Amino acid sequence: HVRDATIHQASGIQNKGKFIGLTEQDTTTENGYSTGISYIKELGCTHVQILPINDFARVDEKQPDNDYNWGYDPLYFQVPEGSYATAPENPVSRIKECKKMIQAFHQAGLSVILDVVYNHVFIMEESPFEKLVPGYYFRYHADGNLSNGTGVGNDFATERKMGQKFILDTIDFWLTEYRVDGFRFDLMGAIDIETMKKIRNRCEQEITPIMLLGEGWDLPTALTSSMKATSSNSNQLENVRFFNDYFRDSVKGNLFDTNDKGYINGDGRFIERLPHLLSGSVLPKFGCPFVSEVNQTINYVECHD
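One structure accompanies this document, and this report is about it.

**What to know about the overall build of the protein**
Now for step 1: Regarding its fold elements, the protein presents eight helices and eight strands.
Now for step 2: Here the protein has a C-alpha radius of gyration of 20 Å; the compact-globule value for 305 residues is 19 Å, and the two agree.
Now for step 3: C-alpha extents for the protein along the principal axes are approximately 55 × 55 × 40 Å.
Now for step 4: Across the 305 residues in the protein, those meeting the buried criterion constitute 50%.
Now for step 5: Taking as baseline every contact in the protein between residues at least 6 positions apart, the subset at least 24 positions apart corresponds to 61%.
Now for step 6: For the protein, the accessible area works out to roughly 15100 Å², and carbon and sulfur atoms hold 52% of it.

**Re the nonpolar core**
Now for step 1: Counting residues in hydrophobic clusters, the biggest one holds 53 residues, and the most contacted among them are I53, F105, F183 and F185.
Now for step 2: Of all elements in the fold, only helix 2 (36–42), strand 1 (47–50), helix 3 (91–107), strand 4 (111–116), helix 5 (161–178), strand 5 (182–185) and helix 6 (193–203) reach the threshold of two or more residues within this core.
Now for step 3: With six residues, helix 5 is the largest single contributor of residues to this core.
Now for step 4: Beyond its immediate sequence surroundings of up to four residues, F105 is in contact with L22, I37, I40, V48, I50, L110 and V112.
Now for step 5: Listed in part, the six residues of the second largest apolar core include I113, L213, Y300 and C303.

**Regarding the pattern of salt bridges**
Now for step 1: Following the criterion strictly, the structure yields 17 salt bridges and no others.
Now for step 2: For R248, the salt bridge identified is with D245, shortest N-O distance 3.8 Å. Highlighted residues: R248 and D245, both in helix 7 (residues 245–252), separated by three residues, approximately one helical turn. D245 carries the same exposure label as R248, and that label is buried.
Now for step 3: Here R248 ties to D249 by a salt bridge, and the two come within 2.8 Å at their closest N and O atoms.

**A look at the pairing of strand 5**
Now for step 1: Covered by surrounding structure in strand 5 are G182 and R184 together with F183 and F185, the residues of both alternating faces.
Now for step 2: Strand direction decides the pairing type here: strand 4 and strand 5, joined by four bridges, are parallel. When the bridges of strand 5 are listed, D115 appears paired with R184.
Now for step 3: In terms of strand pairing, strand 5 meets strand 6 (residues 211–214) through four bridges, oriented parallel.

**Structural notes on the packing of helix 3 against helix 5**
Now for step 1: The geometry of helix 3 relative to helix 5 is characterised by a closest axis approach of 11 Å and an angle of 75° between their N-to-C directions. Classified by the interaxial angle, the pair formed by helix 3 and helix 5 is roughly perpendicular. Contact residues: helix 3 offers I95, C98, K99 and I102, while helix 5 offers W174, E177 and Y178.
Now for step 2: Looking at the contact of helix 3 with helix 5, its residues break down into five nonpolar, no polar and two charged.

**A few points about the sheet that holds strand 4**
Now for step 1: Read from one edge to the other, the open sheet built from six strands follows the order 1-4-5-6-7-8, with strand pairing classed as parallel. Of all the strands in the sheet, the pair left with one neighbour each is strand 1 and strand 8 (297–299). Put simply, the sheet's adjacent strands are angled 30° from each other on average, direction ignored.
Now for step 2: On top of the sheet, helix 3 reaches strand 1 and strand 4; it is set at about 140° to strand 4, its chief contact.
Now for step 3: Of the strands in this sheet, strand 7 (241–244) and strand 8 touch helix 7, which is tilted by about 25° from strand 7.

**Description of the environment of S147**
Now for step 1: Mapped onto the fold, S147 is located in the loop between helix 4 (128–132) and helix 5.
Now for step 2: Through-space distance from the C-alpha of S147 to that of N295 is 32 Å; in sequence the pair is 148 residues apart.
Now for step 3: Beyond its immediate sequence surroundings of up to four residues, S147 is in contact with R139, Y140, H141, G153, N154, D155, P220, T221 and A222.
Now for step 4: A polar contact is formed between the side chain of S147 and the backbone nitrogen of A222, at a distance of 2.9 Å.

**Topic: the side chain of N154**
Now for step 1: With respect to the helices and strands, N154 occurs in the loop between helix 4 and helix 5.
Now for step 2: Engagement of the side chain of N154 in a polar contact is seen with the backbone nitrogen of V121, the distance being 3.0 Å.
Now for step 3: Beyond its immediate stretch of four places on either side in the chain, N154 contacts N119, H120, V121, F122, M124, F138, S147 and N148.

**A word on the packing of aromatic side chains**
Now for step 1: Counted under the stated rule, the structure contains 17 aromatic pairs.
Now for step 2: For the ring pair F138 and F156, a centre distance of 6.0 Å and an interplane angle of 90° mean the geometry is edge-to-face. Here F138, found in the loop between helix 4 and helix 5, pairs with F156, found in the loop between helix 4 and helix 5; they are 18 residues apart in sequence, far enough to count as distant.
Now for step 3: Here F138 falls in the buried class, since its relative accessible area comes to 0%.
Now for step 4: Note on F156: relative accessible area 3%, which makes it buried.
Now for step 5: Relative to F185, the ring of F183 lies with its centre 6.3 Å away and its plane at 40°, an arrangement referred to as tilted.

Thresholds applied
Residues numbered from 1 in each chain as written. Predicted model: local features only at pLDDT ≥ 70, side-chain atom pairs only at ≥ 80, totals over all residues. Heavy atoms only, no water. Helix = DSSP H or I, 4+ residues; strand = E, 2+ residues; numbered from the N terminus. Rg over C-alpha atoms; globule rule 2.2 N^0.38 Å. Buried < 20%, exposed > 50% of the residue type's maximum accessible area, 1.4 Å probe, protein only. Contact = heavy atoms within 4.5 Å. Areas by Shrake-Rupley, 256 points an atom, 1.4 Å probe, with all protein chains shown as cover. Core = buried A, V, L, I, M, F, W, Y, C linked by side-chain atoms within 4.5 Å. Salt bridge = Lys/Arg side-chain N within 4 Å of Asp/Glu carboxyl O. Pairing = 2+ DSSP bridges. Axes fitted to C-alpha atoms, helices over the stretch in contact; angles between N-to-C directions. Parallel < 35°, antiparallel > 145°, perpendicular 65-115°, else oblique. Nonpolar A, V, L, I, M, F, W, Y, C, P; charged D, E, K, R; others polar. Polar contact = N/O pair within 3.5 Å; in protein donor to acceptor, adjacent residues only side chain to side chain. Phe/Tyr/Trp six-rings, centres within 6.5 Å; stacked < 30°, edge-to-face > 60°.

Written as structure tokens, this is what we have:
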């Protein structure tokens with residue numbers, strides 16, 4: 001989270017909460033502990049996943065300290081978020097400073113993965129998509145009601161030709177203009193397989209490998225299960241990775257039950273699951289395969305939310 005990474009009063013960073021705050025080198029707390037990009041590099045990371053940095057709705061860009069948001073309410077998909085810029089009223093400021101941040105990560109030997117939210121918009125009725133062609137860019141159930149598998153009131157119709165084209169154009173834009181190294185797709189299971197394949201094919205044109213990963217849950221959106229980019233359809237999405245919630249819950253207990261325990265905090269509970277987890281979650285005799293290929297599972301214990 002661009003803001004949270006540098007905002008603390010003791011961070012020793014001058015441009016707190018801003019893109020360029022993450023370009024400042026050798027920053028420390030008063031007692032000498034590294035902060036910002038220096039701290040991330042010191043951890044031994046290879047990649048940094050940045051929560052959404054495209055323009056989002058619920059933070060006043062001119063008074064960013066009055067609001068707080070993670071960025072999962074997308075407004076404009078090809079515009080860097082103004083509250084992270086030092087001069088949000090100047091459109092050039094946010095562009096240059098966002099690029100400087102990405103360049104600083106690259107110079108530190110870190111690859112940059114953008115968290116992207118193509119599954120919904122902030123307020124469908126006010127969206128440029130709805131104003132442009134009413135009813136086209138969003139999914140509806142057979143009874144005429146809006147599809148709401150995302151839980152935020154609308155599902156973007158990624159499977160429609162111009163909806164798909166917009167996403168591909170945006171992916172191309174962030175690759176060519178900002179030189180990012182990967183994309184993490186929010187609620188990827190709400191995106192159709194064909195669109196994800198075309199995204200992958202576009203990314204494979206880059207000289208450097210582009211990492212593609214996302215949340216492969218089967219959400220109740222108005223799209224046939226066979227068309228969804230879910231982990232159960234991973235055999236159709238070679239080189240696309242999926243967050244493995246089964247790994248997380250086995251290691252530390254169920255996410256939605258604070259009293260539940262797993263292997264590391266429950267005296268070895270779920271030890272019988274370890275062969276399945278450590279094999280890449282593809283062995284059927286230890287439970288249903290999570291993915292088709294071992295390189296498609298994202299094993300994790302904790303991630304932003």
